[in-house]
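# Reading the structure
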Amino acid sequence: MNTGIISTRYAKALLRLVDETGNGEAVYAQVLRILKVPDSMPEGLEPEISSLVTLLVRNNRIGQVKFVLHRFIELYNTSRGRHVATLMTAVPAPELERRVKDLLQDRLGGEIVLHSVTDPSIIGGFTLTVDDRLLDASVSHQLEEIRRQLLDKNKRIV
């Protein structure tokens, strides 16, 4: 059973439903809240989400709900021309955030939703994830590459 195909079908159906009802942003926001705290269900589900849950239960697919909701978020963002990016730096860098957002806006167009994360383990530099693509310009990644190259050379010498 391919959960990707199944979740995509249900997510597309939910996307069509929210397009018909015009309640897309409310459903999108509630799905984000549900995914943020997966063990709790909010009071007063949006009618479209309630319909989705009913359909999943009826078709014995309720175990796929998490995949369906994640896929819905991806499809919704794509349909609205929205790109989600995550910038990870070792220390807060508001100027870099602004420059990256401007660059992405110029290159990709549409709305850019930039999430900033601080992780000292990358030592320096940054990682940028846009949609499903990753640019790793971190010092920790570069050090790992050097370590790998040294190990590879060492194996050839021995």
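As shown above, the structure is provided for reference.
Because the structure is a prediction, the values reported are computed rather than measured.

Reading guide: rules and limits
- Residues numbered from 1 in each chain as written.
- Predicted model: local features only at pLDDT ≥ 70, side-chain atom pairs only at ≥ 80, totals over all residues.
- Heavy atoms only, no water.
- Pairing = 2+ DSSP bridges.
- Helix = DSSP H or I, 4+ residues; strand = E, 2+ residues; numbered from the N terminus.
- Contact = heavy atoms within 4.5 Å.
- Buried < 20%, exposed > 50% of the residue type's maximum accessible area, 1.4 Å probe, protein only.
- Core = buried A, V, L, I, M, F, W, Y, C linked by side-chain atoms within 4.5 Å.

Taken together, the 6 bridges between strand β3 (residues 125-130) and strand β4 (residues 133-138) define a ladder with antiparallel strand orientation. Of the residues in β4, the one forming a bridge with Thr129 is Leu134. Hairpin connection from β3 to β4: 2 residues lie between these consecutive antiparallel strands, with Asp131 at a positive phi of about 50°.

Its place among the elements puts Phe67 in helix α4 (residues 65-79). Sequence separation between Phe67 and Ser7 is 60 residues, and the spatial gap between their C-alpha atoms is 5.7 Å.

So, about the side chain of Gln30. Looking at the element boundaries, Gln30 is found in helix α2 (residues 24-36). When residues no more than four places from it in sequence are discounted, the contact partners of Gln30 are Pro42, Glu43, Gly44, Leu45, Glu46 and Ile49.

The phi torsion at Ile123 lies on the positive side, around 70°, for a residue other than glycine. Here Ile123 shows up in the loop between β2 (111-118) and β3. On the accessibility criterion, Ile123 (54% relative accessible area) is exposed. Phi at Asp131 takes a positive value of approximately 50°, unusual for a residue other than glycine. Structurally, Asp131 can be placed in the loop between β3 and β4.

Counting residues in each nonpolar core, the largest one holds 19 residues, and the members touching the most others are Val18, Val31, Leu52 and Phe72. If sequence neighbours within four positions are ignored, Leu52 has contacts with Tyr10, Leu14, Val68 and Leu69. If you look at the next biggest cluster of nonpolar residues, it comprises 8 residues, including Ala85, Leu87, Ile112 and Leu114.

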